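Listed below are the residues making up each chain.
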Amino acid sequence: MSILINKNTRVLTQGITGKTGMFHTKMGKEYANGANCYVAGVTPKKGGQNYQGIPIFDTVAEAKEKTGANASVIYVPPPFAAAAIDEAVDAGIELVICITEGIPVRDMIRTRERMQAKGNGTILIGPNCPGVITPDEIKIGIMPGHIHKKGRIGVVSRSGTLTYEAVGQLMELGLGQSSCVGIGGDPVNGMKHIDIMKLFNDDPETDAVIMVGEIGGDAEETCARWIKDNMKKPVVGFIAGVTAPPGKRMGHAGAIISGGKGTAQEKLAVMEECGIKVTKNPAKMGELLKSVLT
């Protein structure tokens, strides 16, 4: 079992004719190893063409109607990416994964408000994220598929690079993953740590979870408090940005300490209080996870 995606997911790529969209769609199709996961592409005015045998349509609505696509991955340039999310939501796509980095915050605020008003249940992952992978079945995004292996450990992270680091450490210890979710580092995004943790908690084939956070906001603290009251499985945590001074943004647009709130120390303290095993050393995430399984 897995969360969010599996070998039966039918994916369309928005922005499939761009360099990035072409490359990662090809990688995703190859990773599916013969499974018909990537079924459509969407680029306005390119309808009727195809890429790697995947038909291209002018609109998401047409692509969904003709192919039964239920998930979308977005590789559209920043000025147009929020509109691409809107189009997928309006078409009733169940899961939208937006990889694009640098979308204007104002655009994302408007898109989030539209999604809330629409209320059709579309799930958004990202933007500015590496995507989602269920190892040995399907990957949607930019993560290197070869570093993953099917197993029973869940991973949720705001950082793409630290997702790969956590997975690499797990693999060295012989621990595969049920699913790995990069939720992205923008201040206005879709699913949060808590949303993914609820899915892992309900997944019978996930035994434990690595949760990677960053400075800025309070999503990790909110998730930690939920874990304390509800989580049935062990959770290991790491927060990037321990040495970040107040007012310093560390890479991601959402990783900024404001008014003394959102520091790594504050997050780690709350996580520890809530029973999460934490480490301040990113090289120890795998070892700590293995220790909670024994």
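Up top you'll find the structure we're talking about.
Note on numbering: residues in each chain are counted from 1, in written sequence order. Given that the model is predicted, a residue must reach a pLDDT of at least 70 before its local features are reported, and side-chain atom pairs must reach 80 or more before they are shown or counted; all residues, however, enter totals for whole chains, interfaces and linings. Side-chain metrics in this entry use all non-hydrogen atoms of the structure; hydrogen atoms and water are not considered.

A. Examining the side chain of T111 more closely. Helix and strand definitions here come from DSSP, where helices need a minimum of 4 consecutive H or I residues and strands a minimum of 2 consecutive E residues; each element is numbered from the N-terminal end. Take T111: it is sitting in helix α4 (residues 105–118). Contacts are assigned to residue pairs that have any heavy atoms within 4.5 Å of one another. Residue contacts for T111: discarding those within four places in its chain leaves A82, I85 and D86.

B. Examining the sheet that holds strand β5 (residues 71–74) more closely. If you walk across this open sheet you meet the seven strands as β3-β4-β2-β1-β5-β6-β7, and the pairing is mixed. For this open sheet the edge positions go to β3 (50–51) and β7 (123–125), each flanked by a neighbour on one side alone. Strands were regarded as paired on the criterion that DSSP finds at least two bridges between them. Pairing analysis gives two bridges linking strand β2 (residues 38–42) to strand β4 (residues 54–57), with the strands arranged parallel. What sits directly across from G41, in β4, is I56.

C. Examining the sheet that holds strand β13 (residues 235–240) more closely. The sheet built from seven strands is open, its strands ordered β9-β8-β11-β10-β12-β13-β14 with mixed pairing. The open sheet is flanked by β9 (138–141) and β14 (277–278), the only strands paired with a single partner. One ladder, built from two bridges, connects β13 with β14; its direction is parallel. Among the inter-strand pairings, V236 is bridged to a residue of β14, identified as K277. Angles shown run from 0 to 180 degrees and are taken between the N-to-C directions of axes, each axis being a line fitted to C-alpha atoms and, for helices, limited to the stretch in contact. Here helix α7 (residues 219–230) sits on the sheet in contact with β12 (208–214) and β13, set at roughly 155° to β12. Along the sheet, helix α9 (residues 285–293) makes contact with β10 (150–157), β12, β13 and β14, crossing β12 at roughly 145°.

D. How the structure looks around α7. Taking 1.5 Å of rise per residue, 12 residues should cover 16 Å, and α7 covers 16 Å from first to last C-alpha, within 8% of that figure. For α7, the full list of buried residues reads E220, E221, C223, A224, W226 and I227. Along its buried surface, α7 packs onto α6 (193–202), β12, β13 and α8 (264–273). One less than the residue count of a helix, multiplied by 1.5 Å, gives the span that helix is expected to have. Any residue under 20% of the maximum accessible area for its type is buried, any over 50% is exposed, and the rest in between are partly exposed; the area is computed with a 1.4 Å probe on protein chains only.

E. Region of the structure containing helix α3 (residues 78–90). In a regular helix each residue adds 1.5 Å, so 13 residues correspond to 18 Å; α3 covers 19 Å between its end C-alpha atoms and thus fits that length. Those residues of α3 lying buried are A81, A82, A84, I85, D86, A88 and V89.

F. Inspection of the pattern of salt bridges at higher detail. A carboxyl oxygen of Asp or Glu within 4 Å of a side-chain nitrogen of Lys or Arg is what we treat as a salt bridge. Taken as a whole and assessed by the stated rule, the structure comprises 13 salt bridges. With its nearest N and O atoms 3.4 Å apart, the salt bridge here joins E62 to K66. On the criterion of helical spacing, the pair formed by E62 and K66 is a turn pair, its members being four residues apart in helix α2 (residues 60–67). When salt bridges that share partners are traced, they join R158, E214, E220, E221 and K267 into one network.

G. Fine view of the packing of helix α5 (residues 160–172) against α9. For the pair α5 and α9, interaxial distance at closest approach is 8 Å and the crossing angle is 55°. One finds that α5 runs oblique with respect to α9. When you trace α5 past α9, the crossing you get is right-handed. Where α5 abuts α9, its residues L162, E165, A166, Q169 and L170 lie against M285, G286 and L289. Of the residues that constitute the contact of α5 with α9, the class distribution is five nonpolar, two polar and one charged. Should an angle fall under 35 degrees it is taken as roughly parallel, and over 145 as roughly antiparallel, whereas 65 to 115 is taken as roughly perpendicular and any remaining angle as oblique. Whether a crossing is left-handed or right-handed is set by the direction in which the near helix is turned from the far one by less than a right angle, anticlockwise for left-handed and clockwise for right-handed. When residues are grouped by polarity, Ala, Val, Leu, Ile, Met, Phe, Trp, Tyr, Cys and Pro land in nonpolar, Asp, Glu, Lys and Arg in charged, and all others, Gly among them, in polar.

H. Local environment of the pairing of β12. Counting buried residues in β12 gives seven out of seven residues, a clear majority hidden from the surface. Both faces of β12 are covered, namely the face carrying A208, I210, V212 and E214 and the face carrying V209, M211 and G213. Examined bridge by bridge, β10 and β12 share five bridges and lie parallel to one another. Pairing of S157 across the sheet is with V212, part of β12. The sheet contact formed by β12 and β13 spans six bridges and is parallel. Its bridge partner lying in β13, I210 is registered against V236. Between β12 and its parallel partner β13, the chain crosses via α7, and the hand of that crossover is right-handed. Orient the strands so they point away from the viewer; a crossover is then right-handed if the path from the first strand over the helix to the second runs clockwise.

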